[in-house]
Amino acid sequence: MRELTSRTLGNVDSHGSRGSTSNDQLRRYNLSTVLRMIHHSSGCSRAELTHRTGLNRSTISDLVAELVDLGLAFEGEPEDTVKRVGRPSLRVFPNPSIAAIAVNLDIDAVTVALVGLGGEVIRRIRFDTVRVPTLPEAVNAVKAIVDGMRGEIEEKYTIIGVGVAVPGLVREADGRVLIAPHLGWKDAGLVGAMTKALHYPIYAGNDASLGAIAENLFGVARGQSNIVYLHGGPGGIGGGLIIDGSALRGTNGYAGELGHTLVNSAGVRCHCGRIGCLETEVNLMRLLERLRLSRADQDDLDIALGVSRDPRVLDEVKRQIDFLSVALSNFVNMFDPEMVVLGGFLGSLLSVGRERLSESVSVSSMGRSGHPVSIERATLSSKLMLVGAAELAFYQLLEDPAGFNRRQT
Ligand SMILES: [Zn+2]
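Report follows, based on the coordinates. (Residues numbered from 1 in each chain as written. Predicted model: local features only at pLDDT ≥ 70, side-chain atom pairs only at ≥ 80, totals over all residues. Heavy atoms only, no water.)

1. Some details on the coordination of the zinc ion
- The protein atoms that coordinate the zinc ion are His260 (ND1), Cys270 (SG), Cys272 (SG) and Cys277 (SG), at distances spanning 2.0 to 2.3 Å.
- Around the zinc ion sit four donor atoms, and with donor-metal-donor angles ranging over 104 to 118° the site reads as tetrahedral.
- Since its relative accessible area comes to 4%, Cys270 is described here as buried.
- Its relative accessible area of 2% is what places Cys277 among the buried residues. (Donors = N, O, S within 2.8 Å, 3.2 Å for Na, K, Ca; no water. Tetrahedral: all angles 85-135°; square planar, octahedral: opposite > 155°, others 65-115°. Buried < 20%, exposed > 50% of the residue type's maximum accessible area, 1.4 Å probe, protein only.)

2. Focus on the sheet that holds strand S7 (residues 158-166)
- Pairing in this open sheet of five strands is mixed, and the strands run S6-S5-S4-S7-S11 from one edge to the other. For this open sheet the edge positions go to strand S6 (121-128) and strand S11 (202-206), each flanked by a neighbour on one side alone. Neighbouring strand axes in the sheet, compared pairwise and without regard to direction, differ in orientation by 20° on average.
- Contacts from helix H5 (residues 190-198) reach strand S4 (98-105), S7 and S11 within the one sheet, and its direction differs from that of S11 by about 145°.
- Its contacts with the sheet place helix H12 (residues 384-399) against S4, strand S5 (109-116), S6, S7 and S11, and it is angled at close to 135° to S4. (Pairing = 2+ DSSP bridges. Helix = DSSP H or I, 4+ residues; strand = E, 2+ residues; numbered from the N terminus. Axes fitted to C-alpha atoms, helices over the stretch in contact; angles between N-to-C directions. Contact = heavy atoms within 4.5 Å.)

3. A word on the nonpolar core
- Formed by 53 residues in total, the largest nonpolar core has its most connected members in Leu49, Leu67, Tyr229, Phe394 and Leu397.
- The element contributing the most residues to this core is H12, with eleven residues.
- Membership of the second largest hydrophobic core comes to 36 residues, among which are Ile159, Val162, Leu183 and Met194. (Core = buried A, V, L, I, M, F, W, Y, C linked by side-chain atoms within 4.5 Å.)

4. What to know about the pattern of salt bridges
- With the rule as written, the count across this model stands at 20 salt bridges.
- Its salt-bridge partner being Asp128, residue Arg126 comes within 2.9 Å of it at the nearest N-O pair.
- In this structure Asp128 comes out as partly exposed when scored by relative accessible area, which is 48%.
- We note a salt bridge from Arg171 to Asp174, for which the minimum N-O separation is 2.7 Å.
- Residue classification places Asp174 among the partly exposed residues on the basis of a relative accessible area of 38%.
- Three or more residues joined by partner-sharing salt bridges are found here, namely Glu281, Arg286, Arg290, Glu316 and Arg319. (Salt bridge = Lys/Arg side-chain N within 4 Å of Asp/Glu carboxyl O.)

5. Observations regarding the sheet that holds strand S1 (residues 44-45)
- Taking strand neighbours across the sheet as the criterion, the three strands line up as S1-S3-S2 in an open arrangement whose pairing is antiparallel. Edge positions in the sheet fall to S1 and strand S2 (73-76), since each of these pairs with one other strand and no more.

6. Some remarks on unusual backbone geometry
- Unlike most non-glycine residues, Asp187 shows phi in positive territory, near 45°.
- When you line up the elements, Asp187 lands in strand S10 (residues 185-188).
- The exposure class of Asp187 is partly exposed, given its relative accessible area of 47%.

7. Things to note about the pairing of S11
- Within S11, four of the five residues are buried, which leaves it mostly tucked inside the rest of the structure.
- The pairing of S7 with S11 spans five bridges and is parallel. By the bridge assignment, Gly163 is partnered in S11 with Tyr203.

8. Here's the deal with the packing of helix H6 (residues 207-218) against H12
- Between H6 and H12, whose axes approach to 7 Å, the crossing angle comes to 90°. Taken as axis vectors, H6 and H12 run roughly perpendicular relative to one another. Where H6 approaches H12, its residues Asp207, Ala208, Leu210, Gly211, Ile213, Ala214, Glu215, Leu217 and Phe218 are matched on the opposing element by Leu384, Met385, Val387, Gly388, Ala389, Glu391 and Leu392.
- For the contact of H6 with H12, the residue count by class is eleven nonpolar, two polar and three charged. (Parallel < 35°, antiparallel > 145°, perpendicular 65-115°, else oblique. Nonpolar A, V, L, I, M, F, W, Y, C, P; charged D, E, K, R; others polar.)

9. What about H6?
- Compared with an ideal rise of 1.5 Å per residue, which puts twelve residues at 16 Å, H6 spans 16 Å between its outermost C-alpha atoms and is within 8% of the ideal.
- Across the twelve residues that make up H6, a large majority, twelve, are buried.
- Those residues of H6 that fall on the buried side of the exposure criterion are Asp207, Ala208, Ser209, Leu210, Gly211, Ala212, Ile213, Ala214, Glu215, Asn216, Leu217 and Phe218.
- The opening residue of H6, the one whose side-chain oxygen lies 3.1 Å from the backbone nitrogen of Ala208, is Asn206. (Expected span 1.5 Å × (residues − 1). Polar contact = N/O pair within 3.5 Å; in protein donor to acceptor, adjacent residues only side chain to side chain.)

10. Regarding the pairing of S6
- Across seven bridges, the pairing between S5 and S6 is antiparallel. Bridge pairing in S6 links Val115 to Val121.
- What sits between S5 and S6 in their antiparallel hairpin is a turn of four residues, with Gly118 showing a positive phi close to 110°.

11. Here's the deal with H5
- The set of residues buried in H5 consists of Leu190, Val191, Met194, Ala197 and Leu198. Burial along H5 is one-sided: seen end-on, the buried residues are contained in an arc of 130°.
- His199 sits one or two positions beyond H5 and adopts a positive phi of about 60°. (Arc of directions from axis to C-beta.)

Dropping the structure here:
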């Protein structure tokens, strides 16, 4: 995974270039830019494309025609034109039959989805595992689900590849899972095993980093350049950072392990060996315990928190919000984001304690007096990791649409 971002560079029209090589490069670059815009906005008019790219109308017409020829886009009327007055303007849509298979691995489930170009989740199948899956068990579950979809896939879709969201550290260069503590995986050859089982190109990445990218491209943080994203699940807290429009990756792609930030030196020991990490203090299992809910009921967390008047629950919520605000204040000071996005159960905490959280974060963030950072709940909810994982699989196609097609045929 390289530049998976919503930001586009300044575009250049073909007039300024010299020689055919640079002309080809320019055309490839512009074609990529236009396909990205269509994909990430699920359809654009030619006028919008002209305006947003700064390219001239005839260049946009050529590029759109090429994308249509390649089978990656089509032109049509928007669905709501019936209600509008006057001549509807045609829009360019991504072809949703160009699809990726997205996989989300968690400690209690393996979820597989078909995601079309344009980011729509066409089909989603969740397989609840009886225990934390081993690598072979996870691969077998994914294979069984994909085999079950095979008929539909072969009839209607062209699969570009498979993107896998993993709750752990994934080496960017080869998709090897260095460590996934909650799955109990160490140095796991996930990509190799999945390639053998599925016979599609496989890409893997950290789930929270992919969540940040998905919220940035399709969700509440669309168009923002600086985002701190935190996802809280049954397996802990993961983080993802978008800085100056790009996903922050670090040397090996491991950046963003925000769940292991120290928030309580008198806290409990974390599986990472240290004391009082954010994910041991702000913890879904503790909340569920207080609410007398099981992990299977976690979808009811919002309602349960909203109606509970039990002082033990309210105390625990306050305690967790306060530790969360310690961590968020640090992240705001470090990264100066436009927006903090909270996913999973952290979104539920935000819903019941928004005021306490934003108050405390804005008081302890330097340089923020009078300009509190906006803290928002992730909007893609259960689709989030799947849309992010699909983005990994779409990357090569978006980077070089014509070249990708040549290599496929
Ligand atoms: Zn830790």
